[in-house]
Amino acid sequence: MAVNKVNEDLLRERARYTFNIEELTNFIDGGEEGTRNRREVEDMVIHVKELHDEVPEDYLSHKERYENAVKKGCILIDLLKEHVLRHSSFDAYKPSNMYRVLSMAKEVSPVLLHMGMFVPTIFGQASAEQQEEWLHKALMLEIIGTYAQTELGHGTFLRGLETTATYDPSTEEFVLHSPTLTSYKWWPGGLGQTANHCIVVAQLYSREKCYGVHAFLVQIRDSETHMPLPGIKVGDIGPKLGFQTANNGFLGFDHFRIPRKNMLMRNAQVLKDGRYVKSKSDKLTYGTMMLVRVMIVSDAAYELSRAATIAARYSAVRRQSMPRPGQPEPQILDYVTQQHKVFIAIATSHALRLTGGWLWDAYSSLTHDLDQGNLDQLPELHALACCLKAISSRDSNSLVEQCRMSCGGHGYMSSSNFPTIYGATAATVTYEGEYTVMLLQTARYLMKAWKEALGGIVLTPTVAYMVTYNKAKPAWVNTPEAIIQGFHAVAVGKVKEAADGIEYHQNSGKDYEDAWNAASVMLVKASECYCRAIICETFWKEIQKHSRSMSRNLAVVLQQLSELYLSYWVLERSGDFFQVRTVPLTRTKFEFVSFASPKCHCQMCTGFVAHITSVVVLAVQVSIQNLTLTFCTRKRNEFDIGSC
Ligand SMILES: CC/C=C\C/C=C\C/C=C\C/C=C/C(=O)SCCNC(=O)CCNC(=O)[C@H](O)C(C)(C)COP(=O)(O)OP(=O)(O)OC[C@H]1O[C@@H](n2cnc3c(N)ncnc32)[C@H](O)[C@@H]1OP(=O)(O)O
Ligand SMILES: Cc1cc2nc3c(=O)[nH]c(=O)nc-3n(C[C@H](O)[C@H](O)[C@H](O)COP(=O)(O)OP(=O)(O)OC[C@H]3O[C@@H](n4cnc5c(N)ncnc54)[C@H](O)[C@@H]3O)c2cc1C
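Please read these numbers as outputs of a predicted model, since none were measured by experiment.

Rules behind the numbers
Residues numbered from 1 in each chain as written. Chains lettered and ligands numbered in written order. Predicted model: local features only at pLDDT ≥ 70, side-chain atom pairs only at ≥ 80, totals over all residues. Heavy atoms only, no water. Pairing = 2+ DSSP bridges. Helix = DSSP H or I, 4+ residues; strand = E, 2+ residues; numbered from the N terminus. Near = heavy atom within 4 Å. Polar contact = N/O pair within 3.5 Å; in protein donor to acceptor, adjacent residues only side chain to side chain. Areas by Shrake-Rupley, 256 points an atom, 1.4 Å probe, with all protein chains shown as cover. Nonpolar A, V, L, I, M, F, W, Y, C, P; charged D, E, K, R; others polar. Phe/Tyr/Trp six-rings, centres within 6.5 Å; stacked < 30°, edge-to-face > 60°. Buried < 20%, exposed > 50% of the residue type's maximum accessible area, 1.4 Å probe, protein only. UniProt positions renumbered as here; feature names shortened; annotations may be inferred. Expected span 1.5 Å × (residues − 1).

Some thoughts on the sheet that holds strand β8 (residues 249-253)
Thought 1: Spatially, three strands are ordered β4-β8-β7 in an open sheet, and the strand pairing comes out antiparallel. Looking at the sheet topology across the chains shown, the edges are occupied by β4 (185-186) and β7 (232-236).
Thought 2: As defined by bridge partners, β4 adjoins β8 across two bridges and the pair is classed as antiparallel. Following the sheet pairing, K185 is matched in β8 by L251.

Digging into the site of ligand 2
Thought 1: If you check the shell around ligand 2, you find 19 residues, and the closest are Y147, T150, G155, T156 and E434.
Thought 2: Measuring from a nitrogen atom of ligand 2, one finds a side-chain N or O atom of T150 at 2.7 Å.
Thought 3: Note that an oxygen atom of ligand 2 is positioned 3.2 Å from one of the backbone N or O atoms of G189.
Thought 4: For ligand 2, whose accessible area on its own is 960 Å², the fraction buried by protein is 64%.
Thought 5: Secondary-structure elements contributing two or more residues to the shell around ligand 2 are α11 (418-430) and α12 (435-454).
Thought 6: At three residues, the largest contribution of residues to the shell around ligand 2 is made by α12.
Thought 7: When grouped by side-chain class, the residues that make up the shell around ligand 2 number nine nonpolar, eight polar and two charged.

Remarks on the packing of aromatic side chains
Thought 1: Within the structure shown, the criterion is met by eleven aromatic pairs.
Thought 2: With 4.9 Å between their ring centres and 90° between their planes, F487 and F577 make a pair best called edge-to-face. Separated by 90 residues along the polypeptide, F487 in helix α14 (residues 480-507) and F577 in helix α18 (residues 574-579) bring together distant segments of the chain. Each member of the pair, F487 as well as F577, carries the same accessibility label: buried.

Comments concerning the UniProt feature "domain: Acyl-CoA oxidase C-alpha1" (unreviewed entry) in the protein
Thought 1: As recorded in UniProt, the feature "domain: Acyl-CoA oxidase C-alpha1" (unreviewed entry) lies at residues 286-447.
Thought 2: Taken end to end, residues 286-447 is 75% helix and 0% strand, and its two terminal C-alpha atoms sit 21 Å from one another.

Digging into helix α7 (residues 128-139)
Thought 1: Spanning twelve residues, α7 covers 16 Å between terminal C-alpha atoms, matching the ideal 16 Å at 1.5 Å per step.
Thought 2: Looking at the residues trailing α7, positive phi occurs at L141, about 55°.

Pasting the structure below:
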């Protein structure tokens, strides 16, 4: 049998890297231990022949694909259990680790929601007694759950959910009911045929009063027969753009009774007599969504890194066209247009991975604060989780598509794996908070921050520059730090523009809701710019921080990647940079910002040339011709357009 020979071009490219590959691998894995754990699990998985398809899944029926995914999920989970029992060096039951293992099968796992949301909700919203009863069973998959919040009629507007949970003190039970067709739960992963339990988010009623949405743990299928319990209507919602084996389903209740103790009571409670005990904050009910949004940023990076690797390798081995008659066809990697498509995908996967790690640390610190009853950081973290989830998933999905297109026809083959990766990342832009809705949530926070900034109130860290921005005139020089300040200036400009837009519409007679809606495109833009500034700054600072403890060769290349990312987005947003205004909070004057030295007037400032010489893609090193970015802005005097 022909031995698979590695392509000559790929070998040659791999021979050209300028730094220690294992060092980069450890950096990506979060350290040597992370690499060791990952390899241990991969070694377990890679040799299991049942995990490799005899027949491409695209040729299977919907039912066969689902059964194939269930089979693989069971094998992966058994491997994990055995591994934990054998080694216990790998924290297999951390949802993020379990999620990572489940994603080693090509198909989305029907128990993805069990690990990604059902288990984390028990961690985050069940009382200690409830965790005692359910957590181990969930971790050992003795019960399999999902997260049933979205309904046919409502996904974004949680306060509009129609499923009811009415407390009956005579039996100490909640009666779950779906009063309308639009109240049917629609979308929850695993609900179609897999889950026998679920977290149900419903409007809580007690003593004739509605207390808003709360979470309940509900058994929906018989533990022995797996048939739906009486009063439960459940099934599969059918084919989708992707995620075909996620087993998304629908769920309706017909006066279905559950014990009082099945209301998740870490935050709020209903006592036996029906009295409602309020939580410290209604927002704590939304805790699972914040966790998943935080996880999605790292997942977006992971999916994009897969696509970027495929595209970079293909670009090394594909030869096409003949720019010079009689010469061999060049590798498509030598076309600058190809580099321009692929290298930003590489840089972005690193930017999102490091930003995801930074956000996870902020979330971990918040959960510690919440345990101490301190909710101070909740609003800022909610705003961060919303915009970073939105931007990371959208960037990842569009760059996955860009990577596919960079591979020509072969990128369109199922065997390229781009369709699977695209389907997964496209879903992420919508689930766990739709893109626009999330950015508007962040805008809500930014409008409050702007009002505080105008009042000179010290702001939380990620918006603090709104107050100090005009006090210390930044030294506009051509450095990454200056670009980051430029992104801050753009963000402040857009936040001010949106706030002024709301004020303008209110002054023209609209109420706040209509003024908000009229200015909502600007509000989305302000959130995008605020978020881009965070990613640029975090990427750059994380690279600076880690560079101090890594070899110089690796530090140089990672620094170039972060400079590429900054330069790319300056060019993508050059219009905003040209228009950026610094408006002193006293609102007395406008001036354009210049990247030249602050003393220059009315003259073309120095061009900003970023010359990226080499970027490394894992073992594939390619060199970028002069990726020259000429970026100029003009400085004007306050009211003098100047001669530029
Ligand atoms: C990598 C992934 C790994 C694992 C994942 C596993 C599986 C992946 C596959 C699929 C999973 C998908 C699951 C789902 O999709 S679950 C359903 C997700 N649904 C949503 O995200 C709904 C989105 N909509 C909202 O969240 C609401 O619009 C929102 C609550 C944001 C606003 O609604 P509403 O208009 O009613 O309230 P507001 O008045 O705007 O806000 C009220 C108040 O509360 C604050 N708030 C809102 N949400 C949160 C939160 N999550 N945390 C903290 N605080 C929150 C908001 O800021 C307002 O505060 P204030 O401004 O002080 O009034
Ligand atoms: C693959 C996949 C898996 C999913 N898994 C689950 C799951 O396991 N559990 C679960 O509970 N849910 C799940 N969902 C549902 C998901 O959470 C919702 O689809 C999502 O929250 C969006 O809500 P929606 O579908 O009602 O869209 P809508 O909110 O109706 O959005 C439609 C359009 O209206 C706009 N819009 C809505 N509200 C506003 C507003 N206030 N201002 C401006 N524009 C607005 C949106 O921007 C969007 O353009 C899943 C969805 C997908 C695609």
